[in-house]
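Now for the letters of each chain:
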Amino acid sequence: MSLLSFVVMVNVACSVSLQVSIHRLTGTCSETLQATLTLPWFIVYNLTQLLQLSLALRLEICYTFYLVEISYYRHRVYKLITLALSVLFLSNIVFSEHNFEHDQIKLDISPATTVVTPPNEHWIEWDSPEGLFRQETSQFKANLFKLLRFYEAQIRGTYCGVATAVVALNALAIKAPASQYLGKYRLFTQEEFFEGSIGEAVNKDVVKTKGLTLKDMTALMETQPLKVDPFEAVNLTDDEIRHHIISALQNPNQVVIVLYQRKELKQEGSGHWSPIAAYDCHSDSFLVLDVARYKYPPAWINADTLLASMRIPDDEGLSRGFIILDNKVEE
Amino acid sequence: MYRCIISSFSIFALLILSYTLYCHFYSLPENHSPTIVTPPNEYWMEWDSQEGLKRQETSQYKANLFKLLRFYESQIRGTYCGIATAVVALNSLSIESLKSQYLENSYLFTQEEFFEGKIGETIDPARTKKQGLTLNDMAKVMKTQPLMVNAYEAAYFTDEEIRYKIMTALTNPNQTVIALYHRKELKQEGAGHWSPVAAYDRKSDSFLILDVARYKYPPAWVDGKAFIAAMKAPNDKGVSRGFLILDNSSFKGTKAVLNAEW
């Protein structure tokens, strides 16, 4: 019986893993993969157990198939590789202090109530398996963890621009003016955003009712010790925009914030500011940290859609676009 | 045959050696952000250091990490660490909040409007704004929401029990852990502090704490032993600090509200 299921397993492995494993071996080692590595795979001959496992661990199970499959090659070199790998695997199993009790992966994850409309063809949630994979393998995320550290929700309906500015300024480690609430510590907050020089650069009441335009945001950022590069999306080609944003995402001193029209993504709302945290070249999509956290989660948005949504002018005919902020000012 | 084995293995070894050397010499220098009040020490390290990122990637106990990160925010007043932590936990467990007067037709727990409704009735807002939340207060607050609440005073449990309880909660996507600890044990600036626990790394025995005082400290990997000792440190009145495990699974889709007594 065990031999039969073993043969079936090898057949399944040959069909699936050749496509998946080699492509995925180039990616980084994920959590579920580690779980698979530490499982005693040579005992798992039972087919039903295997099916359950493949359900729980999704594609990562193919790594173990990959080993079995490769041992079927007759060539001496492949046999050597198999030998070396299996020694590595066995030592991993023997010497790891892994506790198998906690490896049960629950699949009934309740969706957050705060997603207003479900993901569609233009965007996916960042914590879906596909989203997490893109985040792990992305090469353009120099500032992702700094942005996540200071990521916050807008506190009023029109404060998307203010929240985005606060996240960007904090992530770039700009010194904030003294706060009346936080004692000796310094942090940009949405509550006290218009204190000091920023309140002089823009009209507070207009921002509170209408939000920030691309021009306002540029004026506001120029009061801080930053190099500010505003780009109107209408004047640039798709490739130019991609090039500008991607090169900024590789630089740990730069942050990109973007003004786009939500309707193009089939989301609820209209013009919206948010920081861009990463780019994934395989799927050609941007990770946008949506500051309206009560409406939408951080999302991977298709680049074509995002660029198109930046091109749509606002009610007054002013172009939308993006701003690249650099905290390395030459003196 | 032997020559073949030896040569292939030596090539393999050379590859590994060259890769480790490459990693050693070409790794980027880590520079610290000015929002860190005191630099990392032997008890904690920054989450975006190379070692921290590695722990985050390989950790097996992080079922709720990305939900917590989605709603992670900084405390808006010096004493609001408990309130900020409660807000992050409740939002990440997708509990329905009261309708906000500021966010047109949307629902989100915010620190500004935290004391609206039942929460303001169970605890004294004026006292909380002055002194912050104790373990008991936090349990009372959480029991006004559709949640299963387990509060643990750390002094009554052994280190292994605490570690095991937090670890099992971190593998469950329906549960969130929030902890009350004493900063002095970690040689950080400040005293008693609330923060959510987002992940655990078994190899280094450390917890990822999403510090809500973001103007002071980044999210940090805190050494397990030091963290448990910090939870066991008693407060001014001699009562132990500890942690809460919140579970939203048993009340999914209902609006059950528990008795606020604890």
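Our subject in this report is the structure included herewith. (Residues numbered from 1 in each chain as written. Chains lettered and ligands numbered in written order. Predicted model: local features only at pLDDT ≥ 70, side-chain atom pairs only at ≥ 80, totals over all residues.)

So, on to the overall build of chain A. Counting its regular elements, chain A contains 13 helices and seven strands. For chain A, with 331 residues in total, the buried portion stands at 37%. Taking the intrachain contacts of chain A between residues at least 6 apart in sequence as the baseline, contacts between residues at least 24 apart amount to 66%. (Helix = DSSP H or I, 4+ residues; strand = E, 2+ residues; numbered from the N terminus. Buried ≥ 20, exposed ≤ 12 C-beta atoms within 10 Å, placed from the backbone. Contact = placed C-beta atoms within 7 Å.)

Counting residues in hydrophobic clusters, the biggest one holds 142 residues, and the most contacted among them are A:Val167, A:Ala168, A:Val256, A:Phe322, B:Val177, B:Met231 and B:Phe243. Counting residues per element, this core draws most heavily on helix α8 (residues 160-171) of chain A, at nine residues. Once residues lying within four places of it in the same chain are set aside, the contact partners of A:Ala168 are A:Val255, A:Ile257, A:Pro275 and A:Leu325. (Core = buried A, V, L, I, M, F, W, Y, C linked by C-beta atoms within 7 Å.)

Working note: regular strand, side chains alternate between the two faces of the sheet. Residue and element names in this part refer to chain A. For strand β7 (residues 321-326), a buried count of five out of six residues is recorded, marking the element as mostly surrounded by other parts of the structure. Bridge count between strand β2 (residues 227-232) and β7: six bridges; the pairing is antiparallel. Among the inter-strand pairings, Lys227 is bridged to a residue of β7, identified as Asp326. In the sheet, strand β3 (residues 254-261) pairs with β7 via six bridges, with the strands oriented antiparallel. Note on β7: the bridge partner recorded for Gln254 is Asp326. (Pairing = 2+ DSSP bridges.)

It is worth spelling out unusual backbone geometry at this point. Residues and elements named next belong to chain A. Even without being a glycine, Ala173 presents a positive backbone phi close to 55°. Counting through the fold element by element, Ala173 comes out in the loop between α8 and α9 (197-201). Note on Ala173: 16 C-beta atoms within 10 Å, which makes it partly exposed. The phi dihedral of Asp284 falls on the positive side, at around 50°, and the residue is not glycine.

Okay, the sheet that holds strand β1 (residues 123-125) of chain A next. Residues and elements named next belong to chain A. Overall, antiparallel pairing links the seven strands, which are arranged β1-β6-β5-β4-β3-β7-β2 in an open sheet. One side of each edge strand has no neighbouring strand; the edge strands of this open sheet are β1 and β2. Neighbour-to-neighbour, the strand axes of this sheet turn through a mean angle of 30°, independent of strand direction. Bridge analysis of β1 against strand β6 (residues 299-302) gives three bridges, and the strand direction is antiparallel. Among the inter-strand pairings, Ile124 is bridged to a residue of β6, identified as Trp300. Against the sheet, helix α6 (residues 129-137) engages β1, β4 (271-280), β5 (285-288) and β6, with an angle of about 95° to β1. (Axes fitted to C-alpha atoms, helices over the stretch in contact; angles between N-to-C directions.)

On to the environment of A:Phe188. Residue and element names in this part refer to chain A. Turning to its location among the elements, Phe188 is positioned in the loop between α8 and α9. Given 24 C-beta atoms within 10 Å, Phe188 falls into the buried group. Setting aside residues up to four positions removed in sequence, Phe188 forms contacts with Val166, Leu169, Asn170, Ala176 and Phe193.

All names here are of chain B. A sheet is described by the order of its strands in space; here seven strands give the open sequence β1-β6-β5-β4-β3-β7-β2, paired in antiparallel fashion. The sheet is open, and its two borders are formed by β1 (44-46) and β2 (148-153), each paired with just one other strand. Averaged over all adjacent pairs, the angle separating strand axes in this sheet is 30°, with direction ignored. Bridge count for strand β3 (residues 175-182) against strand β7 (residues 242-247) is six bridges, and the pairing is antiparallel. By the bridge assignment for β7, Val177 is matched with Ile245. Strand contacts of helix α7 (residues 135-143): β2, β3 and β7, with the helix running at about 175° to β2, the strand carrying the most contacts.

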